[in-house]
Amino acid sequence: MRLLILADTPTQRQLKYLIAPLCLVYAIGALQGWGNPTLSLAMGDFGLAAAAAVAAISCALKSVHEFGRARLSWALFAFSATMVSLGNGIWGWYEVVLDVPVPTPGPTDVIFLLFAPPTIVGLVLVAQRPRGIAAWTCMALDGWLIAGSLFTLGWSLALARNTNGDRSDVIKIVLTLAYPVLDILMISMVLGLRFRAGSGDRAALNLALVGLAVTVMSDALWTTPGLNSGYRSGGLLDAGWFAGSLLLAIAPWTGERVEAHQRPRHRTISMLSALTPYIAAAVCTAGVLGGAVAGHAPDKVVLGVGATVLVTLVLRQGITLVDNVFMAQELSAKESHFRSLVQGSSDVIMIAAGDGVLQYVSHAVRRVYGFEPEELVGTRLELLIHPEESARVQRELRAFLDGAVPVGEADPAMVRVECRIRSAGGTWLHTESAVNRYGDGLIFNSRDVTDRIKLQTQLEHDAFHDRLTDLPNRALFEDRIQHALAQRRGVTPTVAVLFVDLDGFKAVNDNYGHTAGDELLVQAARRLEHAVRIGDTVARFGGDEFAALLVGDPGPRAIREIAERLLSTLSAPYRIADGEVRVAASIGIAFSAPGIAPADLMRHADAAMYRAKDGGKGRVEVYTPDMDADVERRAARAAGRRRMDRDGRLAISYQPVVDLDTGRVRDVEAALCRVEDGAVPGRADHVRLTAGVEGRLSPVGRRLLEESALAAATWRAAGHDIGVTVGLAARQLTGPGFLDVLEETLRVADLPATALTLEITDNVLPDGDELLLGRIAVLRRRGVRLSLDDFGTGHSSLTYLRRLPVDALKIDRSFVAEVGTCPHLTVLTSTIVRLGLDSGLTLVAAGIDSHAQVDILREMGCQRGQGSWFHPAVSGDAIFDVLGQTPPGNSAVRGPRPEPLPEVRPALPIQASRPQV
């Protein structure tokens, strides 16, 4: 009974509209006799043959597209339809072509009898196979209940009469009984069998069963004595066979394949399917009892078959009762197991009806949401969902109930729903639920994923924000530049990028610690945020580097004013744990241009910022194209040093620093130089070191520091009480991590800090460099000596003599070269020496080439000197030979002191006494 309910798909509805008119036309023609006897016979014979042939072809084509048992089943249906077509064709040959009565029994009877067996086998193939002996037994008993009951009724109503007559004509009697018996068997198959869920298109199978049922009903009517005796081809009874064939013909192509989870199972249909054998037995019993009450003589066949039906009914009921007992026990065990799993699960399990009312809530709801299960049972699910998400969740659940496959879901029988659920405390918890169908409703398996959502949100935030200041990082900043440029495409450029670098921040880290430095960075970030406008973006790239993205309508002048305001804001005192500190800032500005990329705009701002730092810091610079040349020159110099170092063309040279009074070696200067053909050139070819990336110590600078320290330690271990002087750029001294590198170098070389002199080689020292002053103070406290190179040139002038806390001054070789020959430079050199001595500094004269220079400088009071007169720069191995010319502790070069200068030498305007060294 269940299988006769058809799925009403659009394709099937169209075919119905085609079948109904054809059947109606055939029925009307049959009622009217088709206009003349010959046409009536033709439509009754060849018309039915054509309809059956169409059904056979359709079922055969269906079998080609199926697999396994379904293919064989449809092939058998095609064979049955072929037999019907062939039988009707032979029947028409006799009646229409030969115009003779159809012989009975004859070939048509045999052919028509071949219709039922293949159909029965085909139905068995697509039916569900029973599992277990009990199920097979129940299926057999159900089949006999239906077949026996139908046989009893058919015998009482018609079959008994058909067997009356000439008992000697056995063949005729067999043929007479074969038709109804096979039809009864087919009806029993249709009503009693349960067909497999995966047996193919359910709509196609259902419609095929309807067509077979119509054919069988027409056969049953034809076997009725009253209708059989008055039957004539082309009559109304042929309309039933015609309709059955057409239904079987369109059955394979109606509807789409329906998956198991999409087929609703109606309780009424299931109940009728289960009660069908019992209903048939009840009808059989009622028929037998009704005949007895009416006073008819009991028929032996009826009594025999009816008795077997009753016995079968009793056996079937007994098996059912036993099966129910085992099923109840198994159900109880499974229910207990299910409750244990549900109650022990950490997830909240809820069952909701189709209208959203909760019917069951597991005990885990106490721990997850804080509710008691009894509080939620009977309430509507949407009352727990956040109002902003309720409509979306209901829409997803309704679509899922209607059979729509969720987008991105691999399992169409389950959908995942994420939403916020209200807890008993009033807070909203993020939950993830796996939702499955449960009868007419849904079952939810929910878990609290609030911590996961918070972690995911935090990770997404951290991926685009600086952890310390919570400002956007470089990635997010560049993305916002991209959006800003895209929005302003074709408009006058008003997108500006500002790069900000804090001057003197590293001194705060060194003098007050990293905690104070972090506190200063946070305060600086807040100042930047408040100084820009709403809609602008402030970002931190790391260290003390910040950036700002300014968008909108202001022109370059207004943006310059904003930058000046930022400079003033950042230069105000900062309150940190240990007191008040000040830092300045250098700001570079770059404006967008048509077609410029975000990376290029950021590079321009970076170049402008470096120009601001090189120009004295604490200032604002706007990018101009000539700044690219500066960047390229710095990159080329760095690449060249790396290339020379890699190719072995960079070496470390050493030159003694001599006491001008005694001739003893007091120090050795180490410097990088270019090596050509294995020779170590003089100082003119020395490579001046500059800072690496972000002011860090460059690789060649680190190599110079480490190898010089190891060499000095070796000299001292050999008994030479001397130190080493290493020249570094000021930005390398203040670069991040320099102090750590220095400490590691001294530790590895086992060199005391007092034996190391760091010589600041910059000839341009910006005014107000608080960071450099702080770093020099830290180095001196640790015992490292500091010297200022090229004193008297560039910005390394007398002004810095009172500001920089160094230990020594190196007089530039341009002054030493003219001592004694140029009165003006001689006076300036004497002044430098006197000021250095008054400041308690050690004076070192560079580039001494003659006796006269040594004597004049000694008379001025200069304590030390170096140059080719004493010894030129040599390689690392050769310096050991220089130091080894005299016994340890008395190292000297150039033998005796030079003779005094003749009287013609110019009088020195200042006679300074030599300090003890």
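Note that this is a predicted model, so its numbers are computed, not measured.

**What about unusual backbone geometry?**
Backbone geometry places aspartate 99, a non-glycine residue, at a positive phi of 55 degrees. If you trace the backbone, aspartate 99 turns up in the loop between helix H3 (69-97) and helix H4 (107-113). Phi at aspartate 750 is positive, roughly 55 degrees, even though this residue is not glycine. Tracing the sequence through the fold places aspartate 750 in the loop between helix H25 (738-749) and strand S16 (756-760).

**Regarding the packing of aromatic side chains**
For the structure on display, the rule yields five aromatic pairs. The interplanar angle of 85 degrees and the centroid separation of 5.5 Å between the aromatic rings of tryptophan 74 and phenylalanine 77 together place this pair among those described as edge-to-face. Here tryptophan 74 pairs with phenylalanine 77, and both are found in helix H3, just three residues apart, close to one helical turn. For the pair formed by tryptophan 74 and phenylalanine 77, the shared burial category is buried. A ring pair is formed by phenylalanine 499 and phenylalanine 541, whose centres lie 5.3 Å apart and whose planes are at 80 degrees; its orientation type is edge-to-face. You can see phenylalanine 499 sitting in strand S6 (residues 496-503) and its partner phenylalanine 541 sitting in strand S7 (residues 537-542), a full 42 residues away along the chain. Just as phenylalanine 499 is buried, phenylalanine 541 falls in that class too. A cation over an aromatic ring shows up here: arginine 437 above the ring of phenylalanine 400, its NZ or CZ 4.1 Å from the ring centre. Between the NZ or CZ atom of arginine 527 and the centre of the ring of tyrosine 574, over which it lies, the distance is 3.7 Å.

**A short note on the pattern of salt bridges**
Once the charged atoms of two side chains with opposite charge are near each other, the side chains can pair. This model, assessed by the stated rule, comprises 32 salt bridges. Measuring nitrogen to oxygen at the nearest pair gives 2.8 Å for the salt bridge that ties lysine 613 to aspartate 501. Within this pair, whereas lysine 613 is found in helix H21 (residues 598-614), its partner aspartate 501 is found in strand S6, the two being separated by 112 residues in sequence. On the basis of relative accessibility, which here comes to 8%, the residue lysine 613 falls in the buried class. Two residues, glutamate 759 and lysine 810, come together in a salt bridge whose shortest N-O distance is 3.1 Å.

**Considerations on the sheet that holds strand S4 (residues 428-438)**
Strand order in the open sheet made by the five strands is S2-S1-S5-S4-S3, with antiparallel pairing throughout. In this open sheet, the two edge strands, each paired with only one partner strand, are strand S2 (358-361) and strand S3 (414-422). Across the sheet, the mean angle separating the axes of adjacent strands is 25 degrees when strand polarity is ignored. Bridge analysis of strand S1 (residues 348-352) against S2 gives three bridges, and the strand direction is antiparallel. Across the sheet, residue alanine 352 finds its bridge partner in S2, namely leucine 358. The strands that helix H15 (residues 387-401) touches are S3, S4 and strand S5 (441-448); relative to S3, the one it contacts most, it runs at about 160 degrees.

The rules behind each value
Residues numbered from 1 in each chain as written. Predicted model: local features only at pLDDT ≥ 70, side-chain atom pairs only at ≥ 80, totals over all residues. Heavy atoms only, no water. Helix = DSSP H or I, 4+ residues; strand = E, 2+ residues; numbered from the N terminus. Phe/Tyr/Trp six-rings, centres within 6.5 Å; stacked < 30°, edge-to-face > 60°. Buried < 20%, exposed > 50% of the residue type's maximum accessible area, 1.4 Å probe, protein only. Lys NZ or Arg CZ within 6 Å of the ring centre and 35° of its normal. Salt bridge = Lys/Arg side-chain N within 4 Å of Asp/Glu carboxyl O. Pairing = 2+ DSSP bridges. Axes fitted to C-alpha atoms, helices over the stretch in contact; angles between N-to-C directions. Contact = heavy atoms within 4.5 Å.

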